[in-house]
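So you can see what is in the structure, the chains are spelled out below.
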Amino acid sequence: MISKKKLALFVLTGVLFVGITTTAYAQDIPTIGTGTENDNATAFITKNLEFPEGLSVPEATFEFIVEADTDDAPKATIENITYGVTDEVRKGEPNAGKYTISKNSMITFGDFPHAGVYEYTVKEKKGDLTDITYSSKEYTLRVYVANRPDNSGETYIKTITAEEEENKTDNLLFTNTYSKNSGSLIIEKNTIGELADKTKEFEFTITFAQSSTSDQTVFTGKIGDQEIVCRAGEPTTFQLHDKQKLEFENLLVGTNYVVTEKGEEGDGYIPSITVIENSKLTVDDKKGNEKDDLSSSNEGADNLIGEKENKVTFTNTYQDIPITGIILNNIPFLLLLVLSAIAFGTLAVLKRRWTR
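The structure presented is a predicted model; accordingly, all values stated were derived computationally and were not measured.

(A) Spatial organisation of the sheet that holds strand E17 (residues 226-231). The mixed open sheet is built from 7 strands, whose spatial order is E17-E16-E19-E14-E25-E21-E22. The sheet terminates laterally at E17 and strand E22 (280-287), the two strands that pair on one side only. Across the sheet, the mean angle separating the axes of adjacent strands is 15° when strand polarity is ignored. Examined bridge by bridge, strand E21 (residues 269-277) and E22 share 5 bridges and lie antiparallel to one another. If you follow Val 275 over to E22, its bridge partner there is Val 283.

(B) Seen up close, the layout of surface pockets. Roughly 430 Å³ of volume is contained in the largest pocket. Taken together, 18 residues make up the lining of the largest pocket; nearest its centre are Gly 54, Glu 277, Asn 278, Lys 280 and Leu 304. Of the residues assigned to the lining of the largest pocket, the class counts are 4 nonpolar, 6 polar and 8 charged. Space inside the second largest pocket adds up to approximately 210 Å³. When residues of the lining of the second largest pocket are traced back to their parent elements, those giving at least two are strand E7 (98-109) and strand E11 (155-164). Among the elements that take part in the lining of the second largest pocket, E7 stands out by supplying 4 residues, more than any other.

(C) Summary view of the environment of Asp 69. Position of Asp 69 among the secondary structure elements: in the loop between strand E4 (64-68) and strand E5 (76-78). Along the primary structure Asp 69 and Tyr 120 are separated by 51 residues, whereas in three dimensions their C-alpha atoms are 5.1 Å apart. Beyond its immediate stretch of four places on either side in the chain, Asp 69 contacts Glu 119, Tyr 120 and Thr 121. Side chain to side chain, Asp 69 and Thr 121 meet in a polar contact 2.7 Å long.

(D) Inspection of the sheet that holds strand E2 (residues 43-52) at higher detail. On the basis of which strands lie adjacent, the open sheet formed by 5 strands has the order E5-E7-E2-E13-E9 and mixed pairing. Edge positions in the sheet fall to E5 and strand E9 (132-133), since each of these pairs with one other strand and no more. The pairing of E2 with E7 spans 10 bridges and is classified as antiparallel. From the neighbouring strand, Glu 50 faces E7, where its bridge partner is Thr 100.

Conventions and cut-offs
Residues numbered from 1 in each chain as written. Predicted model: local features only at pLDDT ≥ 70, side-chain atom pairs only at ≥ 80, totals over all residues. Heavy atoms only, no water. Pairing = 2+ DSSP bridges. Helix = DSSP H or I, 4+ residues; strand = E, 2+ residues; numbered from the N terminus. Axes fitted to C-alpha atoms, helices over the stretch in contact; angles between N-to-C directions. 1 Å grid on protein atoms, 1.4 Å probe; cavity = no way out; pocket = protein on both sides within 12 Å on 5 of 7 lines; lining within 4 Å. Points joined across faces, edges and corners; volume = space filled by probe spheres on them. Nonpolar A, V, L, I, M, F, W, Y, C, P; charged D, E, K, R; others polar. Contact = heavy atoms within 4.5 Å. Polar contact = N/O pair within 3.5 Å; in protein donor to acceptor, adjacent residues only side chain to side chain.

See below:
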């Protein structure tokens, strides 16, 4: 049998363990707001608007809903969050091909009638902008209202916590994605030179990369009536001759690509390339040579599909061969010159002999 002393020690150990565990658990519960009797706890929601390179900040307003789940909970509201052209300066540098602009809005509560725990549901109102993906997240918000210690009968907001699908969280985050499939791309071929063959086919490959904000993996373009189907990450081969174009429409803005002309040693054509991305000249008449491939990449970086003009122009200049050889119409004159030279030479020899 266990002695009374051992039993008491065992019970004490258990109590201490439970107390320590409970304290640790309480300390680990995340909160989104903590207050004092002189300063109420406050809570904010965070809005993240994500969109790929090549797009401008959209004109968009986001609304939020706070529903009271406790019968006598006061009304709560969240001010709308708006984005527009003035936020262009907040874009900063893209991360993994996309921009993220964050904004906050405070949750405002009415007067609480008494101390207690008040529960709310917080969510985003789905808007009608077709290019915006709205957040479907819902949070359970708990507001802990305490009596002031001075027994004045007044209360204050001591703590605010939040849960998402029964998991405690320390922020109320709503993320929206903005994307547009209004991008286009033209790849054209020009040949220059008096003796250039305007029917000569030049070989190219194009490789698309998947956009950071989309799962699109198939890209379809046309050369006249010929359809060219490309898949993300796979080089696709095609041919163009003078004045032909490969055209893509309805591409997702933010998509990356690179197009390369295959070198052909000895064909007499020197290639050059110009690239326009989102109406900006990014590669200006970059020269190549006959034997090496020429890529549209800008210092090793892939090209970008923007919502404005996107165009790649390959120009191949034929190196005209100078005309050499003897023209038959001049042969009589050449014979006269040769005979004259022989006559003068003979005369000089004879003169030398006569003078000896």
